[in-house]
Each structure stands twice: as C-alpha cells, then as structure tokens.
Amino acid sequence: MQGITVKNVTWSKDRVDLKNIRRQAFVLEQKVDQNLEWDGKDESAEHYLAYIDGQTVGCARLLDHKKIGRMAALKAYRGKGVGNEVTDHIKRHAS
C-alpha cells in the first residue's frame, strides 16, 4: 500500500497511540491478558508507529536492539503492507 510512513517514537511521548493499537489488536481481539501485554518492558524498548494519512495504523517495539515484538496493525489495515513497512524501517533505523 502506498502512503505508509513509519517513525521512531518514544514510549513517554507516544504511549497513548501505542497502547491504543496494542489494546485493540491484542487485548480486545486476541484476548491477551492485560498483565501479559503490559509487561513493564516498554520504558526500555525502542518503539515505532506506522501512519497512513496522518492516522496511526500500526506499531512495533524492539527489545535489546534485536528482538522485534508487539507488532500490530489495526484490523482495517491488515494485509495492506503495514507490517512489511514497519519491519523494513526497523531494519534500516534500529540502533
């Protein structure tokens, strides 16, 4: 899909958007226990948000500079390349 932008973001500044996507994808849709989802590792992780037309549509985090996790896209945007764009961005820009 054209028009997907991915940005490095921080938990302290962008936690509302990050939590919204993860809550929808994992907690509500997949019924992941909130205690498992909010595992206390977000403060030290690197975070990424995907946008289409300025709207947040996906996210991921990187732990220990090597492990991609908590990757999700809002239901309406799945199968449209959001995950691929996030992964490509992380490969290019991760510390």
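In what follows, the structure referred to is the one given above.
All chains use their own residue numbering, which begins from 1 and follows the written sequence. Local features in this predicted model are restricted to residues of pLDDT 70 or higher, and side-chain atom pairs are both shown and tallied only at a pLDDT of 80 or more, whereas totals for entire chains, interfaces and linings draw on every residue. The side-chain values count all of the structure's non-hydrogen atoms but skip hydrogen atoms and water molecules.

**Considerations on the side chain of Glu46**
Within the fold, Glu46 resides in strand 2 (residues 46-52). Despite being buried, Glu46 has no salt bridge partner; Arg61 is the closest side chain of opposite charge, sitting 11 Å away. A polar contact of 3.2 Å, which involves the side chain of Glu46, links it to the side chain of Tyr48. Within the local environment of Glu46, its side chain forms a polar contact with the side chain of His65, the two groups lying 2.8 Å apart. Each helix is a run of DSSP H or I of at least 4 residues and each strand a run of E of at least 2, with the numbering of both proceeding from the N terminus. Relative accessibility thresholds used throughout: buried, under 20% of the residue-type maximum; exposed, over 50%; partly exposed, between the two (1.4 Å probe, protein chains only). The positive count covers Lys and Arg only, the negative count covers Asp and Glu only, and His and the chain ends enter neither. Should a side-chain nitrogen of Lys or Arg be within 4 Å of a carboxyl oxygen of Asp or Glu, the pair is scored as a salt bridge. In protein, a polar contact means a hydrogen-donor-capable atom and an acceptor-capable atom, both N or O and within 3.5 Å, with residues adjacent in sequence counting only if both atoms are side-chain atoms; elsewhere, any N or O pair within 3.5 Å suffices.

**Remarks on the pairing of strand 3 (residues 55-63)**
Of all the nine residues making up strand 3, eight are buried; the element is thus mostly covered by neighbouring parts of the structure. As paired elements, strand 2 and strand 3 share seven bridges and run antiparallel to each other. Across the sheet, the residue bridging to Glu46 is Leu62, located in strand 3. We treat two strands as partners when DSSP finds at least two bridges between them. What sits between the antiparallel neighbours strand 2 and strand 3 is a turn of two residues, in which Asp53 has the positive phi angle 50°. For strand 3 and strand 4 (residues 67-73), the ladder comprises five bridges, and the chain directions are antiparallel. Directly across from Gly58, in strand 4, lies its bridge partner Ala73. Following strand 3, the chain reverses through three residues before pairing antiparallel with strand 4; Asp64 in that reversal takes a positive phi of roughly 55°.

**Focus: the packing of aromatic side chains**
Any two of the Phe, Tyr and Trp rings considered here, Trp counted by its six-membered ring, make a pair once their centres fall within 6.5 Å; the pair's planes then place it as stacked at under 30 degrees, edge-to-face at over 60, or tilted in between. This model, assessed by the stated rule, comprises zero aromatic pairs. Sitting above the plane of the Tyr51 ring, Lys7 keeps its charged end 5.3 Å from the centroid. Any Lys NZ or Arg CZ that is within 6 Å of a ring centre and within 35 degrees of that ring's normal is treated as a charge sitting over the ring. The ring of Trp38 has Lys19 lying over it, and the distance from NZ or CZ to the ring centre is 5.2 Å.

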